[in-house]
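These are the residues of each chain, in order.
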Protein chains: 2
Amino acid sequence: MSDPFVVVGADAAGLSAASKFRREAPDRDVVVFEMGQWISYAYCGMPYFIEGRVERMSNLLSLSPSEVADRGIDLRRGHKVVGVDPDAKTVAVETTEGDSFEQAYDDLLVATGGRASTGPFDVHGVDGAFTLHNMDTAAAIDAYVAEPDAYDPDRADVSAVDRERVDRNAAMEAPETAAIVGGGYVGVEMAEALVGRELDVHLFHRSGHILSDFGEAVGERVETELDAKGVTVHTSAPVEELVGDGRIEGIAFGGADGAETLPVDMAIVGVGIRPNTELLDGTGVELGAGGAVRTDEYGRTNLPDVYAAGDCATAVHAVTGEEAWMPLGLTANRAGRAIGATVAGDPSPVGEIAGTAVVKGFDMEAGRVGLVGDEAAREAGFDPVRETVTAGSRSGYYPGAAPTDVTLVADRDTGRLIGGSIAGPDRAAIRINTLATALEADMTVPEVERLDLAYAPPFSPVWDPILVAAKVLNGTLDGD
Amino acid sequence: MSDPFVVVGADAAGLSAASKFRREAPDRDVVVFEMGQWISYAYCGMPYFIEGRVERMSNLLSLSPSEVADRGIDLRRGHKVVGVDPDAKTVAVETTEGDSFEQAYDDLLVATGGRASTGPFDVHGVDGAFTLHNMDTAAAIDAYVAEPDAYDPDRADVSAVDRERVDRNAAMEAPETAAIVGGGYVGVEMAEALVGRELDVHLFHRSGHILSDFGEAVGERVETELDAKGVTVHTSAPVEELVGDGRIEGIAFGGADGAETLPVDMAIVGVGIRPNTELLDGTGVELGAGGAVRTDEYGRTNLPDVYAAGDCATAVHAVTGEEAWMPLGLTANRAGRAIGATVAGDPSPVGEIAGTAVVKGFDMEAGRVGLVGDEAAREAGFDPVRETVTAGSRSGYYPGAAPTDVTLVADRDTGRLIGGSIAGPDRAAIRINTLATALEADMTVPEVERLDLAYAPPFSPVWDPILVAAKVLNGTLDGD
């Protein structure tokens, strides 16, 4: 083994792998190529930076380049890997300075991540239109929202930042009305962020309820909260066009009343993420769910000694046992870490995913796990039965008790729990972990009903809302 | 089947059983005998009533006698069951009016609960000395703590209350210094309650750390919080005597500095609970763990058609598979409900217990589950290995992130998770449900490490504190 472990991409999956590898195999080399300047940043923290709740962009960085170097990792920023030769076991690299070279590898990890999709909308070259793509867009949005004379350049206090872009956005007149295109979790978080910056915010969602992946009960609950906090939520309102020449001027959208145009001076498009797999084009790599790189339980692709992890790779779904693609932070970190151990000689499974996700919209919390929608459940061969209950988050007499909605979905034939969601203002989100654990253990709804969950008046009623939902769903399964 | 289902005791287990039975078998009769006047009250809510956070005693009642009657349950308050004849299938009943009669049963549920133990201390006849035994003691404590001219008699707004006792305590001079004997969860909750009433509070605990059942890491953390909130915590300080003639005057206790006496004008003894099994003396009933009535997976005793549930009955421990006695609210409700269904003809297991418990002490939350102490683990045949980590409750950059201590205990040979505890100020307690679920699924620590738990900056870091603890414990199990 004379050649290093080569990692492409210096974010969650890549640096987790490199760090674990060096700890387990301190005598072996690892090289990490990152095409840009940013490394190890918290994508999920960007809305809270834009909101102003996080004061400095540097707060969102978990590791600095020097900390990475201290771990014995050979980090090369400004190095773009442009090709992989799986037979020669080399990658072709181009630097921002215009150099190019080949690097041999013993093992290769492709951790190229994903990119924010803009769907049919072109936000490039339109001032005031953005996707929440990376730290540079977050810095640009933050600068754009501020009044020109009130912008604090120290907000973007990281040398990697695209300062020219920040300055240009800071100089523009501050917006008053913002449209967010897409009611997924980024859309909800950005709605909260922009209300926090005192904008008049409109959220557009194509289908009947926002947070489609969380199910209708959650979507309705969060819509109510957004509305109460001043966000205008447009559901069943597909956006057709970003109107404007040079700078955004309006949003053209359809709906029950026909086509309309809402004048806005800011737009954020958040309609999904796509895996970055282009690097492996032509290598014979197999792609799978969502167009991501197909990987096995150890994160291996079909190419020898080539692994993939994070937002560019598939994983195995804990409920269906089938391949799935769900770009989420823990998945990337965990898979990276496992691959680092495996490459170092300690074979470690990357783990399954349950599709656990949580989101906060102002004072409302929500979580989802497993197969929540009927369609997904049927596709996986289940016959879904569901119940939604509203139960108290604490004993009724204890101050702070709040209605908590729990939806449980089971397979009719087997009674197995296959998914669930939770929404409520009082510690609701973290309760989803109970369902995630039950799902991974393949529990049935009767087993969930008999879980010995915590009870104390400040934290839960005698029957936790999850137990209440299990009781009701059991009744339905029994044909009550 | 001509005779009714007879239930002894009208609290959580008894009324859950009667209610479920009537719903499932609406044509059959159920009679519930309750020796006192109180029914269906929230024992766990009493500290919060005394604290003043709950305004009215009636807030702690979940069901009124008329609501019970509306369910078709024949509730007889002031009826004490004094004997059981399992051969004749009758119970002997005495009323507070002095009547006595026999009642035949088809099935019998003994749900006589437990009573607060006072250990070697006699609180009876000593003014200012109490145990937190029932609603009448809660009302008396509340009245005693108030200044005579400031007591609001509407606080104890339930007709069942022992008004003479309330009035007598209300008339006494209000206390300034209170001793709480016993640092279990009731002791911690009462410390918070009495500080809330502006008393100078001393908490005495026999061994090295309070909350012994929660493990040392939790005990230390809660002690720090109590101290910060003005409670003087005396650990390794066994109380020897309640000093005083007529009214409490002091607490004599031992410790590192030898015997001392602290002057107090109030004392609350909370040193444990004992099961009420005397009713079955002489019937040949088998007792088990903790001296409670031994029951099987359906809540059946060894006597034909005689069930037991709640604080007077044993249960099966999810980790050991052995008999255990842990008097907790959910256990009682769940077993009662299952027995109601079983007696109605739908055999339903009462479920196992995992020993899940949570407690709040001011701004600190704690939870525990399974086998936390080494001794309990060894007795059950495990070779315990443990790790305690401190990890953030949220992403470090998100406001409100707080250090959360997680202890996980595993069996060395099998790597199986056998217990755990959590402490922290930010939504720490409810996280114990994740461990409770993992325990019931017999998960190993590697399986826990691979759980797909929720991540979003306001709720959890990428690696949930439970995952961090599992990572560290796995390292230890691997011999790292």
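The structure presented is a predicted model; accordingly, all values stated were derived computationally and were not measured.

### Brief notes about the overall build of chain A
Regarding its fold elements, chain A presents 12 helices and 25 strands. Scaling as 2.2 N^0.38, a compact globule of 480 residues should have a C-alpha radius of gyration of about 23 Å, and chain A matches this with 24 Å. Taken along the three principal axes of its C-alpha coordinates, chain A extends 70 × 55 × 40 Å. The buried share of chain A, taken over its 480 residues, is 60%. Here chain A displays about 17700 Å² of accessible surface, and carbon together with sulfur accounts for 44% of that area. With 37 positive and 80 negative side-chain charges, chain A shows a separation of 5 Å between the mean positions of the two kinds.

### Remarks on the domain arrangement of chain A
Often, the extent of an interface is quoted as the loss of accessible area upon association of its parts. Residue and element names in this part refer to chain A. When cut into domains, chain A gives domain 1 (5–36 + 78–114 + 274–343), domain 2 (129–271) and domain 3 (364–477). Listed as interface residues are four residues of domain 1 and, on the opposing side, nine residues of domain 3. Overall, the association of domain 1 and domain 3 removes approximately 480 Å² of surface from exposure, summing both partners, and the carbon and sulfur fraction of that is 67%. Of all residues in domain 1, A318, V319 and T320 give up the largest surface area on contact with domain 3, accounting jointly for 81% of the area buried on that side. Where domain 1 touches domain 3, the interface holds zero salt bridges. Linking domain 1 with domain 3 are one residue pair in polar contact (both at pLDDT 80 or more), by the criterion used here. A class-by-class count of the residues in the side of domain 1 that touches domain 3 yields two nonpolar, two polar and no charged.

### A word on the interface of chain A and chain B
Each partner contributes to the interface: chain A provides 57 residues, whereas chain B provides 57 residues. For the pairing of chain A and chain B, the buried interface totals around 5200 Å² over both sides, and the portion due to carbon and sulfur atoms is 66%. For the interface between chain A and chain B, the tally reads four salt bridges. Of the charged contacts, one joins E449(A) and R337(B) as a salt bridge, the two residues approaching to 2.9 Å between their closest N and O atoms.

### Structural notes on the UniProt feature "domain: FAD/NAD(P)-binding" (unreviewed entry) in chain A
Per the UniProt entry, the sites bearing "domain: FAD/NAD(P)-binding" (unreviewed entry) are residues 5–314 of chain A in this numbering. Along residues 5–314 of chain A one finds 23% helix and 26% strand; the C-alpha atoms at either end are 21 Å apart.

### A look at the packing of aromatic side chains
The geometry of an aromatic ring pair is captured by two quantities: the separation of the ring centres and the angle between the planes. Summed over the entire model, instances satisfying the criterion amount to 12 aromatic pairs over all chains. Note on W38(A) and Y41(A): the rings are 6.4 Å apart at their centroids and 65° apart in plane angle, and the pair reads as edge-to-face. This pair shows no difference in class: W38(A) is buried, exactly as Y41(A) is. Note that R155(B) overlies the ring of F49(B), its terminal NZ or CZ placed 4.2 Å from the centroid. Above the plane of the ring of W463(B) lies K471(B), whose end atom (NZ or CZ) is 3.6 Å from the centre.

### Some words on the environment of E365(A)
Along the polypeptide, E365(A) turns up in strand 22 (residues 364–370). With 13 residues separating them in the primary sequence, E365(A) and E352(A) have C-alpha atoms 25 Å apart. If we skip the residues at most four places from it in the chain, E365(A) touches V359(A), I422(A), A423(A), G424(A), P425(A), R427(A), A428(A), A429(A), R427(B) and F459(B). A distance of 2.9 Å separates the side chain of E365(A) from the backbone nitrogen of A429(A), its partner in a polar contact. A polar atom in the side chain of E365(A) sits 2.5 Å from the side chain of R427(B).

### A closer look at the sheet that holds strand 18 (residues 306–308) of chain B
All names here are of chain B. With respect to topology, five strands assemble into an open sheet ordered 3-2-1-7-18, the strand pairing being parallel. Here the strands that pair on one side only, and so sit at the sheet edges, are strand 3 (74–77) and strand 18. Taken pair by pair, the neighbouring strands of this sheet meet at an average axis angle of 15°, ignoring direction. Bridge count for strand 1 (residues 5–8) against strand 7 (residues 107–110) is four bridges, and the pairing is parallel. Residue pairing across strands places V8 opposite V110, the latter belonging to strand 7. Packed on one face of the sheet, helix 1 (residues 12–24) meets strand 1, strand 2 (30–34) and strand 7 and runs near 165° to strand 2.

### Section: the pairing of strand 4 (residues 79–85) of chain A
All names here are of chain A. Pairing of strand 4 with strand 5 (residues 90–95) involves six bridges; the strand directions are antiparallel. Paired with D85 across the bridge in strand 5 is T90. Count of turn residues in the strand 4/strand 5 antiparallel hairpin: four residues, of which K89 carries a positive phi of about 55°.

### Description of helix 7 (residues 216–228) of chain A
For the α-helix, the turn length of 3.6 residues means that residues three or four positions removed from each other point alike. Residue and element names in this part refer to chain A. For helix 7, built from 13 residues, the straight-helix expectation of 18 Å at 1.5 Å per residue is met to within 8% by its first-to-last C-alpha distance of 18 Å. The complete set of buried residues in helix 7 reads V218, G219, R221, V222, E223, E225 and L226. Following helix 7 by one or two positions, G230 adopts a phi angle in the positive range, close to 100°.

### Here's the deal with the UniProt feature "domain: Pyridine nucleotide-disulphide oxidoreductase dimerisation" (unreviewed entry) in chain A
The UniProt feature table records "domain: Pyridine nucleotide-disulphide oxidoreductase dimerisation" (unreviewed entry) at residues 359–461 of chain A. For residues 359–461 of chain A, the helix share is 19%, the strand share is 35%, and the end-to-end C-alpha distance is 23 Å.

### Re the nonpolar core
By size, the foremost hydrophobic cluster in this structure holds 118 residues, and its most contacted members are L194(A), L242(A), I251(A) and M266(A). The dominant element in this core, judged by the number of residues it contributes, is helix 4 (residues 135–145) of chain A, at eight residues. When sequence neighbours within four positions are dropped, the list of residues in contact with L242(A) reads F121(A), D122(A), V123(A), A129(A), V181(A), I248(A), G250(A), I251(A) and V269(A). With 115 residues, the next largest nonpolar core counts L439(A), V54(B), I210(B) and A423(B) among its residues.

### Re the pattern of salt bridges
As enumerated under the stated definition, the model contains 52 salt bridges over all chains in all. Among the ionic pairs, D127(B) bridges to R168(B), the shortest N-O distance being 3.3 Å. Of this pair, D127(B) sits in the loop between strand 8 (114–116) and strand 9 (129–131) while R168(B) sits in helix 5 (residues 163–171), placing them 41 residues apart in sequence. On the basis of relative accessibility, which here comes to 38%, the residue R168(B) falls in the partly exposed class. Residue E192(B) pairs with K360(B) through a salt bridge whose shortest N-O separation is 2.8 Å. Taken together, the residues span a long stretch of sequence, with E192(B) in helix 6 (residues 185–196) and K360(B) in strand 21 (residues 357–361) at a distance of 168 residues. Of the two residues, E192(B) and K360(B), both sit in the buried class. It is possible to trace a salt-bridge network through shared partners that takes in E51(A), R53(A), E192(A) and K360(A).

### Here we look at the environment of A438(B)
By secondary structure assignment, the location of A438(B) is in helix 10 (residues 432–440). The class of A438(B) is buried, set by a relative accessible area of 0%. Each C-alpha atom, one on A438(B) and one on D157(B), is 43 Å from the other, the two residues being 281 residues apart in sequence. Ignoring any residue separated from it by four or fewer positions in sequence, one finds A438(B) in contact with T437(A), L417(B), M443(B) and V448(B).

Cut-offs used in this document
Residues numbered from 1 in each chain as written. Chains lettered and ligands numbered in written order. Predicted model: local features only at pLDDT ≥ 70, side-chain atom pairs only at ≥ 80, totals over all residues. Heavy atoms only, no water. Helix = DSSP H or I, 4+ residues; strand = E, 2+ residues; numbered from the N terminus. Rg over C-alpha atoms; globule rule 2.2 N^0.38 Å. Buried < 20%, exposed > 50% of the residue type's maximum accessible area, 1.4 Å probe, protein only. Areas by Shrake-Rupley, 256 points an atom, 1.4 Å probe, with all protein chains shown as cover. Lys, Arg positive; Asp, Glu negative; His and termini not counted. Charge placed at Lys NZ, Arg CZ, Asp CG, Glu CD. Domains from an automatic or database assignment. Contact = heavy atoms within 4.5 Å. Buried area = accessible area lost by both parts, 1.4 Å probe. Salt bridge = Lys/Arg side-chain N within 4 Å of Asp/Glu carboxyl O. Polar contact = N/O pair within 3.5 Å; in protein donor to acceptor, adjacent residues only side chain to side chain. Nonpolar A, V, L, I, M, F, W, Y, C, P; charged D, E, K, R; others polar. UniProt positions renumbered as here; feature names shortened; annotations may be inferred. Phe/Tyr/Trp six-rings, centres within 6.5 Å; stacked < 30°, edge-to-face > 60°. Lys NZ or Arg CZ within 6 Å of the ring centre and 35° of its normal. Pairing = 2+ DSSP bridges. Axes fitted to C-alpha atoms, helices over the stretch in contact; angles between N-to-C directions. Expected span 1.5 Å × (residues − 1). Core = buried A, V, L, I, M, F, W, Y, C linked by side-chain atoms within 4.5 Å.

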